[in-house]
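# Structural overview for review
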Amino acid sequence: VNPRWILTALALLTGTYIVRALPFWAPDMSSVSPRIRRFLEVVPAAALGALIAPDAFGTVSVYLTAAILAVTVLLTLRGINLTVVVLIAIAGTWAGVTFL
Amino acid sequence: MKQFFSGLTAAVPIAGGYIPVAITYGLIVRSGGLSVLDAGLSSVIIFAGAAQFLAAGMFFSGAGVLQIAVSGWLLNLRHLLMSSVIAEHIERSVPLRVRSALAFGVTDEVFGVASWRVASGGTLPPRFLAGLEVGAYASWVGGTVVGAAAGNVLPPSVRIAMGMALYALFAALLAGQIREAPESRRLRVILAALTAGGFNWGLRRMAGFDPGLAFPLAMIGSALIFTAFPDAGNPGDTDEGEENR
């Protein structure tokens, strides 16, 4: 066991757990200021955007990555289930890497 | 008990999405030089998919514990909103220790299933939520251990394809955010994501920033810009107006 890694995990747990637990401990605090609420509404999208770019583009060709991500977004917008979408993306990437 | 099993059953689609991603995570931790136990323990301790990938990436690039913790915390701030939606549907009579335990398992996917159930008119009994979380947690931890222990027997093409699973999951979650956003805010959500991606790209590839620094800067920078940005089709929108929604 690497102690620094486990320490990192525990540090992450602390921050993550507090954020998840606060509304469970104080159910009445849902009246946060509208400005904060608006910030919290765009944070997930901003986080996901920064998680995708640039790291998604690196292992396989840029065009294949862009095509897979575009299909993923379109299928989800059409209401296709998350699991199915992820499995399609895996299959599509495998086919792209193998046959192109 | 019946409610618990019904929760477990509802976790099956989550497990289907988690297992390939968890296997990939296990593989990454292992290929960075850590042990199977290290990989498994991190999933047992944290149970936050995206933050764990972020942590592994930063850890292997030499980032400090505090730097990783802050980035992961920022990334998981989104759970504040998700938890408050779920907590609203848990009865007040449920004791604090049960609430505290249930809070541990609120991930994006658990939230997705729970909020869908609420939206379609169902209730959210604590036992159901417990079953849902246990099912999701078990598949996440199990997948991590399998990936760390045996992931390297997979052929390289399959490993590359499974690596894409993570980004597909992020893209699908982003599309879900876009779909769920009220129409007046949809454009803002899309632009916030594109801007954050663009910032992160620029900071990393052009300015040569360290990923641990570029990620929070890009995320907060973009979120602040679009917090100040008024809603589309409602240019006179003020905070007061929003309170009356």
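Residues numbered from 1 in each chain as written. Chains lettered and ligands numbered in written order. Predicted model: local features only at pLDDT ≥ 70, side-chain atom pairs only at ≥ 80, totals over all residues. Heavy atoms only, no water.

### Remarks on the overall build of chain B
As a reminder, the rule being used: Numbering of helices and strands runs from the N terminus; a helix is a DSSP stretch of H or I covering at least four residues, while a strand is a stretch of E covering at least two. Restricting the calculation to C-alpha atoms gives the radius of gyration, and the globule rule supplies 2.2 Å times the number of residues raised to the power 0.38.
Looking only at helices and strands, one finds 13 helices and zero strands in chain B. Ordered by position from N to C terminus, the α and β elements of chain B give α-α-α-α-α-α-α-α-α-α-α-α-α. A compact globule built from 245 residues should have a C-alpha radius of gyration of about 18 Å, and chain B, at 19 Å, falls within 12% of that. Across its three principal directions, the C-alpha atoms of chain B cover 60 × 55 × 35 Å.

### Structural notes on the packing of helix 1 (residues 2-10) of chain B against helix 9 (residues 126-150) of chain B
Residue and element names in this part refer to chain B. Here is the rule: Between N-to-C directions, angles span 0 to 180 degrees; the directions come from axes that are lines fitted to C-alpha atoms, helices contributing only their stretch in contact. Here the angle decides the label: under 35 degrees means roughly parallel, over 145 means roughly antiparallel, 65 to 115 means roughly perpendicular, and every other value means oblique. The crossing is said to be left-handed when, going from far helix to near helix, the turn is anticlockwise and less than a right angle, and right-handed when the turn is clockwise. When checking whether two residues touch, look at their non-hydrogen atoms; a contact exists if any pair is within 4.5 Å.
The interhelical angle for the contact between helix 1 and helix 9, taken along N-to-C directions, is 40 degrees, at an axis separation of 6 Å. As judged from the angle between their axes, helix 1 and helix 9 are oblique. In the packing of helix 1 onto helix 9, the handedness of the crossing is right-handed. Between helix 1 and helix 9, the contacting residues are Gln3, Phe4, Ser6, Gly7, Leu8 and Ala10 on the first element and Arg127, Phe128, Ala130, Gly131, Leu132, Val134 and Gly135 on the second.

### Overview of the pattern of salt bridges
All names here are of chain B. Put simply, the rule is: A carboxyl oxygen of Asp or Glu within 4 Å of a side-chain nitrogen of Lys or Arg is what we treat as a salt bridge. Relative accessibility under 20% of the residue-type maximum defines a buried residue, over 50% an exposed one, and the middle range a partly exposed one, all with a 1.4 Å probe and only protein chains included.
Using the criterion set out here, one finds two salt bridges over all chains in the structure. Across the pair Glu180 and Arg179 runs a salt bridge, and its minimum N-O distance is 3.4 Å. Overall, the relative accessible area of 58% leaves Glu180 in the exposed class. When its relative accessible area of 35% is taken as the criterion, Arg179 is described as partly exposed.

### Quick word on the confidence of the model for chain B
Should the pLDDT be low somewhere, the predicted coordinates at that spot are not to be read in detail. Residue and element names in this part refer to chain B. Counted only if it meets this: Every residue gets a pLDDT, meaning the predictor's confidence in that residue, from 0 to 100.
Per-residue confidence for chain B averages 85 on the pLDDT scale, and 93% of its residues sit at or above 70. Here helix 13 (residues 239-243) stands out as the element of chain B with the lowest mean pLDDT, 38, in contrast to helix 3 (residues 36-46), whose mean of 96 is the highest. Scored below 50 in pLDDT, residues 235-245 shows 13 contacts in the model against residues more than four places distant or in partner chains. Quick note on the complex model: pTM equals 0.75, ipTM equals 0.85.

### A few points about the packing of aromatic side chains
Using the following cut-off: Two rings belonging to Phe, Tyr or Trp (six-membered ring only in the last case) form a pair when the distance between their centres is within 6.5 Å. Interplanar angles under 30 degrees mark stacking, angles over 60 mark edge-to-face geometry, and anything in between is tilted. We call a charge positioned over a ring when the NZ of a Lys or the CZ of an Arg lies within 6 Å of the ring centre and within 35 degrees of the ring normal.
For the structure shown, the criterion picks out 15 aromatic pairs over all chains. Between Trp5 of chain A and Phe60 of chain B the ring centres are 6.4 Å apart and the planes differ by 10 degrees, which places this aromatic pair in the stacked class. Of this pair, Trp5 of chain A sits in helix 1 (residues 3-25) while Phe60 of chain B sits in helix 4 (residues 49-60), placing the two residues on different chains. For Phe60 of chain B, a relative accessible area of 32% gives the class partly exposed. Here Phe59 of chain B and Phe60 of chain B contribute two aromatic rings whose centre-to-centre distance is 5.8 Å and whose plane-to-plane angle is 80 degrees, an arrangement assigned as edge-to-face. Connected via pairs of aromatic rings, a cluster forms that spans Tyr18, Tyr25, Phe47, Phe53, Phe104, Tyr137 and Trp140 of chain B. Taking the ring centre of Trp201 of chain B as reference, the NZ or CZ of Arg205 of chain B above it sits at 5.4 Å.

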